[in-house]
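Examination of the molecular architecture
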Amino acid sequence: MSVRSALNRWFVLVLLVALAVTLAGGYVTYDSHVDGAETVVEQQTTGTWTVESEFEHGATVTRDTEVFSAGEELTNRSLYFTTASPELEGTYTVSHDNTDGNPADTSTDLSLVIRAVEERNGNQEVHWETRDSLETLDGVEIEDGEATETTVSVDIPTILNRTEAIQNDLGAAPGQTEVLLVADTTVESSVDGETFTDTRTDRIEIVPGQSVYRVSTTTQDAGSYEATEQVTRTIEPTRLELYGGPALCVLGLLSMAFLGTARWRGWLAVTDRERVRNEFERARDDFDEWISTARIPDAGDRTPVPTDSLVDLVDIAIDSDRRVLEHGDQYAVLVDSEIYTYTAPPAVDPLASPATGDTDPVAEDTEQETASLSNLLFSDSTESTGGTHPDESDTRDSNDR
C-alpha cells in the first residue's frame, strides 16, 4: 500500500495522533517553562526502632537412662520424656535496636495458664481456665542493642496432677487440656524525640502426658517503628522536559499542517492505478496458500482465457482443484484444454504525486500486458496454424511485380 493510500485511509486517526502529540508537547512545555520548578513536601525517616522477642526452652535429665545421662541438658526439642526430664525451663528474651542509641523500658509478666478448650463452629471455646503468675518484671531498662532474659520453670507431673484434680472436682473433662507459658510484654522507647510503645504476647505451648510432653513456641514478628519529619524540596525540570516538550509541540503542529495542506491540495488522493494495485496486493496476501512460484509453461494446444482479477483466477483454481502458478507479474491456472491467465498491475511509486484522469490508461495498460502474455504463450501455436510470415508476404509481392 502506498504512503498516500495509507494516509488517505487513516487520515482522521493520523490527525488525532498529531493532535495528541501537540497537546502533550504543549503540556510538557507549559509545565517546564511556565510553572518551572516544582516544590514538594515529603516524609523523611529520621530514625528507626526495632523490637524483637524470643522463647527458648529446655529440660535437665534427672536420672540415668540408656540414652541419656543424669544432668544432661536437652534444649529446644519438640518432645521431652516426662519421667526422665520432668521439669521444663522457658527462657524469654527481649531485645531492641535504636538508631538514636536510646534505651528502652520493659515490663514483662510471665504466667502459667491451664485451660480446657474446644473448637465449635470455627471458634475456640474455653470451658475453664486457671492462671498463675510465675515472674513479673517491671520497669527494666535495656540499653540499645542489648537484651534482657527471664527464665521460669514448670513441673509437668505437678501440672498433670492439678489438671486431674480440676477435672475430678468438676466431674467432667470437656474439650482438650492446654498448658501455656505466656509472656505479656510492653516495651517503650523514643526516637528523634518521638515516643513509641510496643506490646506483644509470646507463648510456649505444652501438651502434657504421663510418658512424654510436646513443646512448641509462638512469638510475634519483630516490631519496627520509624520517626519521620516533613521535608520540602524543589524538583527542577529535566533537559528532556525543557527541550522535548517544545520539540513534540512543533512536530505535532507541522504534522497537522502537512496533513491539512495535503488533503486540501489533493496530494492524498488515491489514483485508479494505485487502487487497482492495492486490491491486487491484498488479494495476493489473502490467497497466498493457493499460489505457487513456478515457471509458467507454454500454452501449446490450450486455449488462453484472460481473467479480470487475481480473485477470479483463484476462484477458478479452487473450483478445479488446481494451483495458481506465479512467475514475476504473470499468473496462470492450467485446467484441461484451457490456460487461465492474469497479469498483475504495475507497482506504483509510494511517494509519487497522484495523476488525474488515469482510469483509461490503467485499463489500456492492463489489456496490453494481458495481450503480451497471450502473444508470449501462444506465438508458437499461431505460427503452426499456417499464419503468413512477413517474409513470405514480401516475397509474393515482389513476384507479382
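Notes on the structure in this doc start here. (Residues numbered from 1 in each chain as written. Predicted model: local features only at pLDDT ≥ 70, side-chain atom pairs only at ≥ 80, totals over all residues. Heavy atoms only, no water.)

A look at a negative patch on the surface
For clarity, the cut-off: Candidates for patches are residues over 30% relative accessible area with no salt bridge; among them, like charges are joined within 9 Å and nonpolar side chains (Val, Leu, Ile, Met, Phe, Trp, Tyr) within 5 Å. Only the protein chains shown count as cover for residues, with accessible areas throughout obtained via the Shrake-Rupley method and a probe of 1.4 Å. Any carboxyl oxygen of Asp or Glu within 4 Å of a side-chain nitrogen of Lys or Arg constitutes a salt bridge here. By the counting scheme adopted, Arg and Lys are positive, Glu and Asp are negative, and His together with the chain ends is not counted. Every charge is mapped to an atom, namely NZ of Lys, CZ of Arg, CG of Asp or CD of Glu. In this text, helices come from DSSP runs of H or I with a minimum length of four residues, and strands from runs of E with a minimum of two, each type numbered from the N-terminal end. The buried label applies to any residue whose accessible area, calculated with a 1.4 Å probe on protein chains only, is under 20% of its type's maximum; exposed applies above 50%, and partly exposed to all values in between.
Taken together, the side chains of Glu52, Glu54, Glu56, Asp97 and Glu149 present a region of like negative charge at the surface. Top contributing element to the negative patch by residue count: strand S1 (residues 38–60), with three residues. Accessibility expressed as a relative area gives 59% for Glu149, which makes it exposed.

Focus on the sheet that holds strand S16 (residues 338–343)
Using the following cut-off: Strands were regarded as paired on the criterion that DSSP finds at least two bridges between them. With axes taken as lines fitted to C-alpha atoms, and helix axes fitted only over the stretch in contact, angles between N-to-C directions fall between 0 and 180 degrees. By definition, residues are in contact when any of their heavy atoms lie within 4.5 Å.
Taken together, the five strands give an open sheet; going across it, the order is S12-S14-S15-S16-S13, and neighbouring strands pair in mixed fashion. A strand with exactly one partner marks an edge of an open sheet, and here the two such strands are strand S12 (291–293) and strand S13 (303–306). Strand-to-strand twist of the sheet, defined as the mean angle between neighbouring strand axes without regard to direction, takes the value 30°. Bridging between strand S14 (residues 324–327) and strand S15 (residues 330–335) involves three bridges; their strand directions are antiparallel. Note that in S15 the partner of Leu325 across the bridge is Ala332. The sheet contacts of helix H6 (residues 310–319) involve S12, S14, S15 and S16, and relative to S15 the element is tilted by about 25°.

What to know about a nonpolar patch on the surface
A contiguous nonpolar patch, built from Trp10, Leu13, Val14 and Val17 and spanning about 360 Å² of accessible area, is present on the exposed surface. With respect to the element layout, Leu13 can be found in helix H2 (residues 11–34).

Focus: H6
For the record, the criterion: Summarising the geometry, the arc corresponds to the directions from the helix axis toward the C-beta atoms.
Of all the residues in H6, the buried ones are Leu310, Leu313, Val314 and Ala317. When H6 is viewed along its axis, its buried side chains cluster within an angular range of 95° and face the same direction. Its buried side turned inward, H6 meets helix H5 (272–286), S12, S14, S15 and S16. At the C-terminal side of H6, Asp321 shows a positive phi close to 55°.

So, the packing of aromatic side chains
Note the following rule: Aromatic rings from Phe, Tyr and Trp, with only the six-membered ring used for Trp, were paired whenever their centres fell within 6.5 Å, and each pair was classed as stacked if the ring planes differed by under 30 degrees, edge-to-face if by over 60, and tilted otherwise.
Inspection of the entire model under this criterion finds eight aromatic pairs. Each ring, one from Phe55 and one from Tyr92, has its centre 4.9 Å from the other, and the planes form 50°; the classification is tilted. Pair noted here: Phe55 is in strand S1 and Tyr92 is in strand S4 (residues 87–98), with a separation of 37 residues, a long-range link. Each member of the pair, Phe55 together with Tyr92, is buried. For the pair Phe280 and Tyr331, a centre-to-centre distance of 5.8 Å together with 65° between the ring planes defines the contact as edge-to-face. Of this pair, Phe280 sits in helix H5 while Tyr331 sits in strand S15, and the two are 51 residues apart along the sequence. Of the two residues examined, Phe280 and Tyr331, each falls in the buried class. Taken together, the aromatic side chains of Trp49, Phe196 and Tyr225 make up a single cluster linked through ring pairs.

Side note on the packing of H2 against helix H4 (residues 239–265)
This is how the line gets drawn: For classification purposes, angles smaller than 35 degrees are called roughly parallel, those larger than 145 roughly antiparallel, those between 65 and 115 roughly perpendicular, and all remaining angles oblique. Note on convention: the crossing is left-handed when the near helix lies turned anticlockwise from the far helix by less than a right angle, right-handed when the turn is clockwise. Amino acids outside the nonpolar list (Ala, Val, Leu, Ile, Met, Phe, Trp, Tyr, Cys, Pro) and the charged list (Asp, Glu, Lys, Arg) are all regarded as polar, and Gly is one of them.
Close contact between H2 and H4 brings their axes to 7 Å; oriented N to C, the two are set at 150°. Here H2 lies roughly antiparallel to H4, going by the angle between them. Relative to H4, the crossing made by H2 is left-handed. Class assignment for the residues of the contact of H2 with H4 results in 14 nonpolar, nine polar and two charged.

What to know about the pattern of salt bridges
Counted by the stated rule, this structure contains eleven salt bridges. In this structure, Glu118 and Arg120 form a salt bridge, with 3.7 Å as the shortest nitrogen-oxygen distance. By relative accessible area, which is 29% here, Glu118 ends up partly exposed. Among the charged side chains, a salt-bridge network with shared partners connects Arg115, Glu129 and Glu178.

Comments concerning the side chain of Thr148
The residue Thr148 is located in strand S7 (residues 147–155) in this model. Exposure remark for Thr148: the relative accessible area of 17% places this residue in the buried category.

Thoughts on the sheet that holds strand S8 (residues 176–191)
Spatially, six strands are ordered S3-S10-S9-S8-S5-S6 in an open sheet, and the strand pairing comes out antiparallel. Looking along the sheet, the strands with just one partner apiece sit at the ends: strand S3 (79–81) and strand S6 (123–142). Neighbouring strand axes in the sheet, compared pairwise and without regard to direction, differ in orientation by 20° on average. When strand S5 (residues 104–120) meets S6, the two strands line up antiparallel, connected through 16 bridges. Bridge pairing links Glu118 to Glu125 in S6. Its contacts with the sheet put helix H3 (residues 156–170) on S5, S6, S8, strand S9 (194–207) and strand S10 (212–218), and the angle it makes with S6 is roughly 140°.

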